[in-house]
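Commentary on secondary and tertiary structure
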Amino acid sequence: MVVEKSGGGGASSSPTSAMDRFQKIVLSWDYVSLVKESKGSKQAKGLQRVKDTYKSVADYLGVFEPLLFEEVKAQIVRGRSDEEEEDAALDWQRAMVGLCAESEGFHKFPMAVENEFRDNVSENDLLLLSKEKFKEGGNPTAYAFALVEQRGGSTATISLRAFVAGEIQNLNISKPVKSSRLQRFASILAAENSALWILKVCSLSTIMREFTAMHSVASLPFKDSILSAAEKHKDGDDQSRAWNVPQPLMDHLKTNLNDSQLEAVNAGLSRRSFVLIQGPPGTGKTQTILGLLSAVLHSAPARMKTKGGFDVQKHGPELDIDGKYAHWVKASPWLLGANPRDLIMPVDGDDGFYPTGNELKPEVVSSSRKYRAHVLVCAPSNSALDEIVLRVLNTGIRDENNNTYNPKIVRIGVKAHHSVKAVSMDYLIQQKLSGVDRTLDGGRRGAGEYDRIRASILDEAAIVFSTLSFSGSSIFSRMNRAFDVVIIDEAAQAVEPATLIPLVHGCRQIFLVGDPVQLPATVISSTAQKLGYGTSLFKRFQGAGFPVQMLKIQYRMHPEISIFPSKEFYDGILQDGEGLDKKRPWHSYTCFGPFCFFDVDGVESQPPGSGSWVNHDEVEFITLLYHQLAMRYPELKSSSEVAVISPYRQQMKLLRDNFRLTFGDQSKEVIDVNTVDGFQGREREVVIFTCVRSNKEQKIGFVSDFRRMNVAITRARSAVLVVGSASTLQKDEHWNNLVESAKERNRYFKVPKPFSTFFAEDNLKTMLVKPQKGPPPEQNTEVMEGINEVAMGREFDAADQADTGDDDDDAAMDADDGGGDD
Ligand SMILES: Nc1ncnc2c1ncn2[C@@H]1O[C@H](COP(=O)(O)OP(=O)(O)OP(=O)(O)O)[C@@H](O)[C@H]1O
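Residues numbered from 1 in each chain as written. Predicted model: local features only at pLDDT ≥ 70, side-chain atom pairs only at ≥ 80, totals over all residues. Heavy atoms only, no water.

1. What to know about the confidence of the model for the protein
Chain-level pLDDT for the protein is 80 on average; 77% of the residues reach the 70-or-more range. This stretch, residues 82-86, has a pLDDT under 50; its non-local contacts, to residues over four places away or in other chains, come to 4 contacts. Note on residues 327-368: pLDDT under 50 across the span, and 89 contacts to partners over four residues away in sequence or across chains. For this predicted complex, the interface confidence reaches an ipTM of 0.97, while the overall pTM sits at 0.82. (pLDDT = per-residue confidence, 0-100. Contact = heavy atoms within 4.5 Å.)

Okay, structure coming up:
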């Protein structure tokens, strides 16, 4: 049945009917009205706010489903405007309708399209079909949505489904769809070979998977916990062990994890079905996940504990000594000289090494463990996922005897970073195929063979890595082994329905690792956002009083940086790891860190047609600030250790342009300019943050979101330099606290124009940190006030005179290079 494909491996009581309903509802929508509604201020009716707990599945769906549909609408409206900006090739195309058939309440038909268009669409893309081409504000006569079911292989056709007549089952009632627009469209579909205009709107794959997962909640084993946000124990036994960790491994964990990390791992070894681990910035979330993986993959589930002995290979073949040696060589090729991070994973099955399903490495033969857990690790984004895949590849995990262990892993899905390609599903399939004797089947490779290989790779891998969205793909439907454990990293950055996607495969335990005090998932619909649709399952559970394991020691920031976020956002419980107070060369000046606020009274503006903001004055100041840092401390430039981040995309673009003009094209290689949202999870030695907003009304838009502020000021290891208008920001409580904290520490700098005078050598000298012990030198922040204006064109000259004599010749960063041509 076609619908199953799009629903994606759900275990709902009736995923197909839920998905049919989703598609009918979306396909019946009127695009022109959606766009109009999005511009108006009318609130959609019947929407409820996300709650902490739910009485029943109906209560749950009654809240989440309408919010999800609100989000679909917003994605449709925005999807089109994004595409227009990015890809003109996806503009209106002429296409021919083929023979239309009615099936399962849908109208299904092929369409002949241009090759380029075919190549640019995928299954579950939403298309707009219309008799006339039209723009926003246009008045087309016959148009409707259609969903891509399949893309033609060699022919330039796509198979589509539309909904132009029939009944739609709502949550409770069934109602007929009556629309003259759809009727007109139906008559076009009825006439074969009609020519239509066709336009790609957006992909609905992810949100369809979220919808399916949401509807599967009734059949999940953790249904009660999800609804009530509380652990339900028949025996009140949530503290007893679910996993027994071998002593050498436990000893390793005790010495390599700090107390709070160890507590988190121990909580994970209990019988709780949900374990929440909150990791503030730099507190070793990934390290803790690696510890958990070591423990879970090398422990016996408590109920399966055996008395030991050599019977662990029960499922595998009896091997003589040579056989054991061959097994050992194949399972651990690196022991014979190959690199443990070898690009080539051991290939099983086709060459005499018969996988046992849960095959054991030789070092395990004498252990008492009979079972190797099957783990699914997910993250909301490809980049977050690849970061953890890379950590597993680079550092490996530990086995029960505390040896390094490189588990079999597979990274499924698209857009894998090149450094993890060697464990991507596509690469592993190629590996498997290259070992198969093609003469036996005449070289044919049917879809069935690929499916079988994919399923065997999923079964054999100890850890499967997937984005949350991709974990709802049909690839899992042929898998034979359910997952024991699902670990979701960055779980606070996912909407609740997305977090449910990997749970439908069945598992006994779920780890949610994240930090609700950092940025949440992006929700496009402002209505859904206001009603709490962006709340993660993690945050909802935490809000309802679910126990949370807090990681308390941070290993990233200089203590002068961590002190403020710890107090402001984590009740002061964040402690600093050892050695973080190391003095860096740039700490010789109070204005280069570790923590500074530069009060720049700039002018904010909105580029025409944009909702985003820029501040040219802050850009100018930051360009000078960066130049000073790069010139005085070339190591920062050569190691690309400075990042500039902003809440606003347009400010990011302006900064990039300005850096390119000032420092040349290579500047993009050495200065990372990004949005705060895009920089979550990353770090740099020095981070400059431009707040942008500056106005008398003290409006600061989403700069006021304390989670964005938290992320922005916790990315730096040794210096966070905040640039903003204090008088604008200070109306906000958190911002006021930040400015006051800078003042208390003599790290507040009022910077009047022209900014070049701030970096004049005489002024910088006043900011030199005296080498002797005792209180920091007094700062004369007033000094700038009296300094005469210096011609802007001379600012870099002044800085050059102050050069410490380093003869680094980075032309790309030299201000004279490409800077003075206007
Ligand atoms: N127990 C520990 N002892 C010493 N160093 C540690 C410990 N745990 C983590 N670290 C170090 O702290 C740094 C951050 O760790 P990790 O990358 O695991 O943190 P994270 O919480 O995932 O980071 P992010 O905030 O970017 O998500 C790493 O350099 C890691 O080696």
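So that's the structure; there's more coming.
2. With respect to the sheet that holds strand β16 (residues 409-411)
Neighbouring strands of a sheet are bound in pairs by backbone hydrogen bonds; such pairs are parallel or else antiparallel. Pairing is parallel across the open sheet formed by 7 strands, whose spatial order is β16-β17-β13-β18-β19-β11-β20. On the outer flanks of this sheet lie β16 and β20 (548-550), each paired with one strand and no other. The mean angle between the axes of side-by-side strands here comes to 20 degrees, regardless of whether they run parallel or antiparallel. (Pairing = 2+ DSSP bridges. Helix = DSSP H or I, 4+ residues; strand = E, 2+ residues; numbered from the N terminus. Axes fitted to C-alpha atoms, helices over the stretch in contact; angles between N-to-C directions.)

3. Topic: helix α6 (residues 180-190)
Along α6, the positions that sit buried rather than exposed are R181, L182, F185, I188 and L189. The buried side chains of α6 occupy one side of the element, clustering within an arc of 110 degrees when seen end-on. For α6, the exposed residues lying more than 90 degrees away from the buried face are Q183 and A190. (Buried < 20%, exposed > 50% of the residue type's maximum accessible area, 1.4 Å probe, protein only. Arc of directions from axis to C-beta.)

4. Topic: the pattern of salt bridges
Applying the stated criterion across every chain, the model contains 29 salt bridges. Of the charged contacts in the structure, one is a salt bridge between D30 and R181, with a shortest N-O distance of 3.7 Å. Taken together, the residues span a long stretch of sequence, with D30 in the loop between α2 (15-28) and α3 (31-39) and R181 in helix α6 at a distance of 151 residues. With a closest N to O distance of 3.0 Å, E761 and R632 form a salt bridge. (Salt bridge = Lys/Arg side-chain N within 4 Å of Asp/Glu carboxyl O.)

5. Side note on the packing of aromatic side chains
Here the structure, examined in full by the defined rule, presents 35 aromatic pairs. With a centroid separation of 6.0 Å and an interplanar angle of 70 degrees, the aromatic rings of F476 and F483 are classed as edge-to-face. Accessibility assignment for this pair places F476 and F483 in one class, buried. A ring pair is formed by F621 and F758, whose centres lie 6.0 Å apart and whose planes are at 65 degrees; its orientation type is edge-to-face. Of this pair, F621 sits in helix α20 (residues 616-632) while F758 sits in the loop between β30 (748-750) and α28 (761-765); the two residues are 137 residues apart in sequence, bridging distant segments of the chain. Residue F621 shares its accessibility class with F758, and that shared class is buried. Cluster of aromatic residues (ring-pair linked, three or more members): F598, F621, F749, F755, F758 and F759. Above the plane of the ring of W197 lies K133, whose end atom (NZ or CZ) is 4.8 Å from the centre. (Phe/Tyr/Trp six-rings, centres within 6.5 Å; stacked < 30°, edge-to-face > 60°. Lys NZ or Arg CZ within 6 Å of the ring centre and 35° of its normal.)

6. Thoughts on the site of the ligand
Residues in close proximity to the ligand total 15 residues, the closest being Q261, G282, K285, T286 and R556. Residue R391 places a side-chain N or O atom 2.9 Å away from an oxygen atom belonging to the ligand. In the model, a nitrogen atom of the ligand is placed 3.2 Å from a nitrogen or oxygen of the Y555 side chain. Contact with the protein chains hides 72% of the accessible area of the ligand, taken as 630 Å² for the molecule alone. In terms of residue count, helix α11 (residues 285-297) provides more of the shell around the ligand than any other element does, 3 residues in total. Looking at the shell around the ligand, its residues break down into 3 nonpolar, 9 polar and 3 charged. (Near = heavy atom within 4 Å. Polar contact = N/O pair within 3.5 Å; in protein donor to acceptor, adjacent residues only side chain to side chain. Areas by Shrake-Rupley, 256 points an atom, 1.4 Å probe, with all protein chains shown as cover. Nonpolar A, V, L, I, M, F, W, Y, C, P; charged D, E, K, R; others polar.)

7. What to know about the sheet that holds β30
Read across the open sheet, the 6 strands follow the order β27-β26-β28-β29-β23-β30; overall the sheet is parallel. Each having just a single partner strand, β27 (671-675) and β30 make up the two edges of the open sheet. When the angles between neighbouring strand axes are averaged without regard to direction, this sheet yields 20 degrees. By the bridge criterion, 5 bridges tie strand β26 (residues 642-646) to β27 in an arrangement that is parallel. Paired with A643 across the bridge in β27 is D672. Helix α19 (residues 559-569) contacts β23 (595-599) and β29 (716-724) of the sheet and is inclined by roughly 60 degrees relative to β29. Relative to β27, helix α22 (residues 649-663) is tilted by about 165 degrees, and along the sheet it contacts β26, β27 and β28 (684-690).

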